[in-house]
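Residues per chain are reported as follows:
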Amino acid sequence: MLYTIIKENTYQDSIVLMLLSNKLSAIDGVNKVSIMMGTPANKDIFKSSGLGTEELEDAKPNDIAIVVDTEDEEKVEEVSKAVDEELKGNSEKEEASNNKEASNWNQALDLANNPNLAMISIPGQYAAMEADNALNNGLHVFMFSDNVAKEDEVALKQKANEKGLMVMGPDCGTGIIHSVPLAFTNIVNEGDIGVVGASGTGIQEVTTIIDREGKGVTNAIGTGGRDLSTEVGAVTMLDSIKALNQDPKVKVITVISKPPAKEVEEKVLNLLRNIEKPVVTLFLGHKPEFTEKNIHHAYTLEEAARVSVQLSNGEEPNFAASTLKDINVELKDNQTGIKGYYSGGTLASEAAMLVKDALNVESEEAEGFTLKANNHEVIDLGDDMYTQGRPHPMIDPGKRIEMLEKSADQETTAVIMLDNVIGYGSHNDMANELAPTISSIKSKVQSEGRDIAILATVVGTEHDHQGYEQQQETLREAGAIICDTNDQMVRTAIELVGGKVEQPELQVQTFEATKVDLTVDEKIMNLINMKPSVINIGLKSFAEAVENSGSEVVQFNWRPIAGGNEKLMKVLQFLNNYEGESV
């Protein structure tokens, strides 16, 4: 039986509500609880998941909508009270916080101390409007929000470029600006390697390996995954490379992306060929066919990180891939399948690439799979298909646990691979959440006369609050085999099923470069050369991370105006902009 609760005018972050949904779904006698804001998009999610009710139609975008699936009507009141207590607790935390808080742009700008960066993590259909407001107020933009129209991204980045500003994103999950962590980020030593990347967990994997090798980064600038598309034209990537080139603290520039559009790749490479500093590139998924005198083209994330360190140390690039040996696992002849369940999309893409290349398999076209071939499957559980109405797998272990149990029941499964991405934004102790399932899987398959190898890697540093070594040890005690990197984990999995990854042997080639202007606006240089002063529009946990790093931040408690009507909001925005220009 479905019951509906509407709490009027009580806007909350979507992640807070998703986590609360999971918590309350564990109440005895409750089949499921789903809690979201009453936006049209969220109402569609309620319906698609079988939780649509007539009462939901009365919910407004600023209302919290709760649907409880239970056979016991008394549980509805229990859920309602639990929501009230949770919201009251959040309110008390906010009152005790030192963060300055605002409810509109005028207040935020008045409270902020020379702000130069807006962090945006609100629903995608509204994010472009707030990014435009930020640019109009002379702020760079870091846009965590996804589901932003590509035409809006093009317009925003062109506008920023004309103003000498930078738009990082949309769907920009990770950034480090002068040691200040933005969104899902690790605490990484400061150093002389500058990173720019179109992938969040790709940046995290590379920067954390660099840190664990004893080196550090100046800045890690995220561009958003579509920046290197034909339509966008790598606007943010090109400006970032120029800025890192101009920064005297940067000794090595590292560029990370999935394979871009061909003409955009040529534009990026031509710019890099105009630069005298050593460069490492990784277009993940594209097996390099050559390298260059001043540009090392890497095959994997680990290679990109380790070669960056070698160049930083003044050494010649010399990457030697590794695998774990003497793993005590006895597989049967029919156990040939590699299964990878990832919270990091770039890590999943790297795994799929290595499995396809090494085992010479072609992936089926299957929705929700990064790779599906024979008995192998690699899944990015952070994909939109798996996160509608539920938190990202870096926060919520539920979907991963479900997939683990399912794959272990398949007699063809030989190896299961897991990533555990720690740091800001991630679960406080994901290893402890996954460990019981790993232990039970190991016991279950052994009781059935089978064996299975569970490989795990932790993406993080010793500075991260979850404890890098503690996360490893928890997983190890549960029965997982710990690998240092994703590269090592996937290569090890492939060897366990009888394959081998061949590292490309590259010859040095020389190319003529067309001369380009390497100058970059002073406002961008100021952004990367000092701690930013931030206006955080959306998730409060992001503001806390900025504040903890010693940077100034104002929390903008955003609410949709005009009842969340996008057309009306755009009209109001246009009128405000017009009035501002007329003054």
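Each residue is numbered by its place in its chain's sequence as written, counting from 1. At least 70 in pLDDT is required for a residue's local features to be given in this predicted model, at least 80 for side-chain atom pairs to be given and counted, and no such filter applies to totals for whole chains, interfaces and linings, which use all residues. As a rule here, side-chain values come from all non-hydrogen atoms in the structure, and water together with hydrogens is ignored.

### A closer look at the overall build of the chain
Note on conventions: DSSP H or I runs of at least 4 residues are helices, E runs of at least 2 residues are strands, and numbering of each starts at the N terminus. Along the backbone of the chain there are 19 helices and 24 strands. Taken against the 2.2 N^0.38 rule, which gives 25 Å for 583 residues, the C-alpha radius of gyration of the chain at 24 Å falls within 12% of a compact globule. Summarising its shape, the C-alpha atoms of the chain cover approximately 65 × 65 × 40 Å along the three principal directions. Note on exposure labels: buried denotes an accessible area under 20% of the residue type's maximum, exposed denotes more than 50%, and partly exposed covers the range between, all computed with a 1.4 Å probe on protein chains only. For the chain, with 583 residues in total, the buried portion stands at 57%. C-alpha atoms define the radius of gyration in this analysis, and the globule rule sets the expected value at 2.2 Å times the number of residues to the power 0.38.

### Focus: the nonpolar core
By nonpolar core we mean a set of buried residues, namely Ala, Val, Leu, Ile, Met, Phe, Trp, Tyr and Cys, connected to one another through side-chain atoms within 4.5 Å. Counting 98 residues, the largest nonpolar core has Met168, Ile241, Val268, Leu272, Tyr342 and Met417 as its most contacted members. With 46 residues, the next largest nonpolar core counts Val30, Val76, Ile120 and Ala134 among its residues.

### Overview of the packing of helix α7 (residues 200-212) against helix α10 (residues 301-312)
At a minimum axis distance of 9 Å, the contact between α7 and α10 shows a crossing angle of 40°. Taken together, the axes of α7 and α10 are oblique relative to one another. As α7 runs across α10, the sense of the crossing is right-handed. Contact residues: Gly202, Glu205, Val206, Ile209 and Ile210 in α7; Leu301, Glu302, Ala304, Ala305, Arg306, Ser308 and Val309 in α10. In this count, Pro and Cys sit with the nonpolar residues alongside Ala, Val, Leu, Ile, Met, Phe, Trp and Tyr, while Asp, Glu, Lys and Arg are called charged and the others, Gly among them, polar. In terms of residue class, the contact of α7 with α10 is built from 7 nonpolar, 2 polar and 3 charged. Where helices are involved, their axes are fitted lines through C-alpha atoms of the stretch in contact, as for all axes, and angles between N-to-C directions lie from 0 to 180°. Angular relationships are summarised with four words: roughly parallel below 35 degrees, roughly antiparallel beyond 145, roughly perpendicular across 65 to 115, and oblique for the angles in between. Each helix crossing is assigned a hand: it is left-handed if the near helix lies turned anticlockwise from the far helix by less than a right angle, otherwise right-handed if that turn is clockwise. Contacts are residue-level and defined by heavy atoms, with any inter-residue pair within 4.5 Å sufficient.

### Remarks on the side chain of serine 407
With respect to the helices and strands, the residue serine 407 is situated in helix α13 (residues 398-408). A relative accessible area of 1% means that serine 407 is categorised as buried. The contacts of serine 407, once residues within four sequence positions are left out, are Lys339, Tyr341, Thr413 and Ile416.

### Remarks on the UniProt feature "domain: CoA-binding" (unreviewed entry) in the chain
UniProt positions are given in the numbering used here, feature names are shortened, and annotations may be inferred rather than shown by experiment. Residues annotated in UniProt with the feature "domain: CoA-binding" (unreviewed entry) correspond here to residues 190-283. Secondary structure content for residues 190-283 is 38% helix and 27% strand, and the end C-alpha separation is 25 Å.

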